[in-house]
Amino acid sequence: VRTPTELELMLFHDGEIVEDGAVDLATLPEEDRLAVLFRSRADEIAHWLERAERGGAGEPALGVAESLAVLGDLVRADAARQAPFVSVAGAVMGAVERREVTESPALSSVSSLAAPVAPVSSPPPPPVSASWAARPTPVRARLRPWITGSGLLAAAAACALFVLHGPDAPIGEEPPVPAMLVASAPSLPAYDGSGVAVDTVDFGAKMGTIFLQPGEASLRDSVTTVVWIRDEEPRP
Amino acid sequence: MISRRRMLTLSSLAVPTVLLGASQAFAQGKPPAVLPQLATDVLVLHATNRGGGIDPSLAQLRQLKDPPFSSYDTYKQLSRTKVLVSKDRATNVGLPDQGKLSLKRLDVPTRYKLGANIVKGSGEPFLANLEVTGDLNDIFFVAGQVYDGGILVIGIRLVAPS
């Protein structure tokens, strides 16, 4: 029996077997002919594998092991290639989450409402400044009363739930998240955060991320948009 | 609760559209005046982890101290260029790797819309068809291109031509 190729082994294990005569190879492009595994050939491969497992095939058994080893090497090489990016992305996300801890949950959730809100029209152009610092806006200052009110509302709702359910309520469950109450408050003004909006971007084959970097609340900064693209080290 | 990480991270598999700018002017009822000419201030930085800190000339860029920029500890200014952008043709800005950043003003009646492309010095496209909408003095960054042991960080600010 002819030693099966790696492609044939893959087709065999994937069950991609075609009944004899079901496909006319002459009608297929040359590169597609190799990807057709007929039933008769599959039976030969099954026989070959049985012999290999018994050790009766000698060298072919080593061929299977080699195929698996090559596959393992490829997987490990790919994982190693991606490892630096994973660590950088993890560091970035970790830093974002650490920053979140210091912010009010209500404020963070209001910021997160920005994405689905479509711009209605444009704000007037602000005075031009030579500074590279982000343009100050009164967004957070104007939202602060609403946020405070929503926080109090959330606290009141949590107290009411505790009173209604009493000590039978599961201790481990978190009280209603203020963010949801903020989101459903009908009188909350629309988020009017400023900053650059990305209308479209084509990352091609690269991985890309769009960060919306919040401004300093104390400085009443606007959001800064960052388009971050994963680049490959140039090959020597 | 909506995961902020999920909110902030958009995969390249689905072309992302981020609508950020719910308008301040929705209550004002009239579109703002748009300058007939627009310029951009293009700041090219080199980010590395060589322990050198942030260039004092960049002290006003408080964004560099926060994520995602804080994953690098050293920022140096490589160039700063102010260029006019027009609707008729793309304006090119040279990059340190001999690549180029192309900017073009897009035709939007009431807002400032900018198109940007980056081609590496090797000729390989790095950023294709980025379109952003913003207002005067707004700044955005494009980062990640590998360069000299670090990455390039390009800040682009919409400004009035002087």
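Our subject is the structure that appears above.
Residues numbered from 1 in each chain as written. Chains lettered and ligands numbered in written order. Predicted model: local features only at pLDDT ≥ 70, side-chain atom pairs only at ≥ 80, totals over all residues. Heavy atoms only, no water.

Student: What am I meant to see in the overall build of chain B here?
Tutor: Summing up its helical and strand segments, chain B has one helix and nine strands in all. Reading chain B from its N end, one meets helices and strands in the order α-β-β-β-β-β-β-β-β-β. Per-residue burial over chain B gives 52% buried out of 162 residues. If you take every contact in chain B between residues at least 6 apart in sequence, the share linking residues at least 24 apart comes to 49%. By element, 51% of the accessible surface of chain B is carried by carbon and sulfur atoms, the whole surface being about 7200 Å². (Helix = DSSP H or I, 4+ residues; strand = E, 2+ residues; numbered from the N terminus. Buried < 20%, exposed > 50% of the residue type's maximum accessible area, 1.4 Å probe, protein only. Contact = heavy atoms within 4.5 Å. Areas by Shrake-Rupley, 256 points an atom, 1.4 Å probe, with all protein chains shown as cover.)

Student: What am I meant to see in the sheet that holds strand S2 (residues 53-54) of chain B here?
Tutor: Backbone hydrogen bonds are what pair the strands of a sheet, in a parallel or an antiparallel way. Across the sheet, seven strands lie side by side as S2(A)-S3(A)-S8(B)-S9(B)-S1(B)-S3(B)-S2(B); this open sheet has mixed pairing. Bordering the open sheet on either side are strand S2 (208-213) of chain A together with S2 of chain B, each of which pairs with just one other strand. (Pairing = 2+ DSSP bridges.)

Student: Honestly, the pairing of strand S3 (residues 74-85) of chain B in this entry has me stumped. Any pointers?
Tutor: Across a regular strand the side chains alternate sides, sitting on one face of the sheet and then on the other. Residues and elements named next belong to chain B. Note that strand S1 (residues 38-48) and S3 share eleven bridges and pair antiparallel. Its bridge partner lying in S3, Leu 43 is registered against Arg 80. Bridge count for S2 against S3 is two bridges, and the pairing is parallel. Bridge assignment links Gly 53 to a residue of S3, and that residue is Thr 74.

Student: Could you clarify how one ought to interpret the pattern of salt bridges in this entry?
Tutor: Evaluation of the coordinates by the stated rule reveals ten salt bridges over all chains. With its nearest N and O atoms 2.7 Å apart, the salt bridge here joins Asp 231 of chain A to Lys 120 of chain B. One end of the pair, Asp 231 of chain A, is in the segment after strand S3 (224-229); the other, Lys 120 of chain B, is in the loop between strand S6 (112-119) and strand S7 (125-134), on a second chain. For the residue pair Asp 231 of chain A and Lys 120 of chain B, the accessibility class agrees, reading buried in each case. Lys 120 of chain B is the salt-bridge partner of Glu 124 of chain B, the closest N and O atoms lying 3.5 Å from each other. With a relative accessible area of 11%, Lys 120 of chain B lands in the buried category. Overlapping salt bridges bring together Lys 206 and Asp 231 of chain A together with Lys 120 and Glu 124 of chain B as one network. (Salt bridge = Lys/Arg side-chain N within 4 Å of Asp/Glu carboxyl O.)

Student: How should helix H3 (residues 39-54) of chain A be read in this particular structure?
Tutor: Along an α-helix, residues three or four positions apart point the same way, because every turn accommodates 3.6 residues. All names here are of chain A. Here H3 is 16 residues long and its end C-alpha atoms lie 23 Å apart, about the 22 Å a rise of 1.5 Å per residue gives. If you check which residues of H3 are buried, you get Arg 41, Ala 42, Ile 45, Trp 48, Leu 49 and Ala 52. Taken end-on, H3 shows its buried residues confined to a sector of 120°, consistent with a single buried face. (Expected span 1.5 Å × (residues − 1). Arc of directions from axis to C-beta.)

Student: Got a minute to help me understand the sheet that holds strand S4 (residues 91-94) of chain B in this structure?
Tutor: The strand order across the open sheet formed by five strands is S1(A)-S7(B)-S6(B)-S5(B)-S4(B), and the pairing between neighbours is antiparallel. The outermost strands of the open sheet, each flanked by one partner alone, are strand S1 (197-202) of chain A together with S4 of chain B. Neighbour to neighbour, the strand axes of the sheet diverge by 20° on average, direction disregarded. Of the strand pairs in this sheet, strand S5 (residues 100-106) of chain B and S6 of chain B are connected by seven bridges, and their pairing is antiparallel. (Axes fitted to C-alpha atoms, helices over the stretch in contact; angles between N-to-C directions.)

Student: Is there a simple way to think about the environment of Gly 150 of chain B in this case?
Tutor: By the secondary structure assignment, Gly 150 of chain B is in strand S9 (residues 150-159). When its relative accessible area of 8% is taken as the criterion, Gly 150 of chain B is described as buried.

Student: What's the story with the packing of aromatic side chains in this structure? I'm lost.
Tutor: Each aromatic ring pair is summarised here by two numbers: the centre-to-centre distance and the angle between the ring planes. Overall, the coordinates contain five aromatic pairs over all chains when judged by the stated rule. Ring geometry for Trp 228 of chain A versus Tyr 72 of chain B: centroids 6.4 Å apart, planes at 25°, classification stacked. Pair noted here: Trp 228 of chain A is in strand S3 and Tyr 72 of chain B is in the loop between S2 and S3, and the two residues belong to different chains. A ring pair is formed by Phe 69 of chain B and Phe 141 of chain B, whose centres lie 4.9 Å apart and whose planes are at 65°; its orientation type is edge-to-face. Placement of Phe 69 of chain B in the loop between S2 and S3 and of Phe 141 of chain B in strand S8 (residues 139-147) is noted, with a sequence separation of 72 residues between them. Both residues of the pair, Phe 69 of chain B and Phe 141 of chain B, belong to the buried class. Site record: aromatic cluster; members linked through ring pairs are Phe 211 and Trp 228 of chain A together with Phe 69, Tyr 72, Tyr 75 and Phe 141 of chain B. (Phe/Tyr/Trp six-rings, centres within 6.5 Å; stacked < 30°, edge-to-face > 60°.)

Student: How should I be thinking about the nonpolar core in this particular structure?
Tutor: Note on soluble globular proteins: their nonpolar side chains tend to be buried together. Residues and elements named next belong to chain B. Membership of the largest hydrophobic core comes to 34 residues, with the highest contact counts inside it found for Leu 101 and Leu 130. Not counting the four nearest positions on each side in its chain, Leu 101 is found in contact with Val 42, Thr 91, Asn 92, Val 93, Leu 95, Ala 116, Asn 117, Ile 118, Ile 154 and Ile 156. Membership of the second largest hydrophobic core comes to 17 residues, among which are Phe 69, Tyr 72, Tyr 75 and Ile 151. (Core = buried A, V, L, I, M, F, W, Y, C linked by side-chain atoms within 4.5 Å.)

Student: Which parts of the structure should I look at to understand helix H1 (residues 6-14) of chain A?
Tutor: Residues and elements named next belong to chain A. Among the residues of H1, Glu 8, Leu 9 and Leu 11 are the ones counted as buried. One side of H1 carries all its buried residues, which in axial view fall inside an arc of 165°. Exposed and facing more than 90 degrees away from the buried side of H1 are Glu 6 and His 13. Looking one or two residues beyond H1, the residue adopting positive phi is Gly 15, at roughly 75°.

Student: Teacher, can you tell me more about the side chain of Arg 157 of chain B here?
Tutor: All names here are of chain B. Considering the arrangement of structural elements, one finds Arg 157 in strand S9. According to the relative accessible area criterion, Arg 157 is buried, its value standing at 3%. Of the polar contacts made by the side chain of Arg 157, one reaches the side chain of Asn 137; its length is 2.2 Å. (Polar contact = N/O pair within 3.5 Å; in protein donor to acceptor, adjacent residues only side chain to side chain.)

So far we have only geometry, and geometry alone does not tell us how the molecule works.
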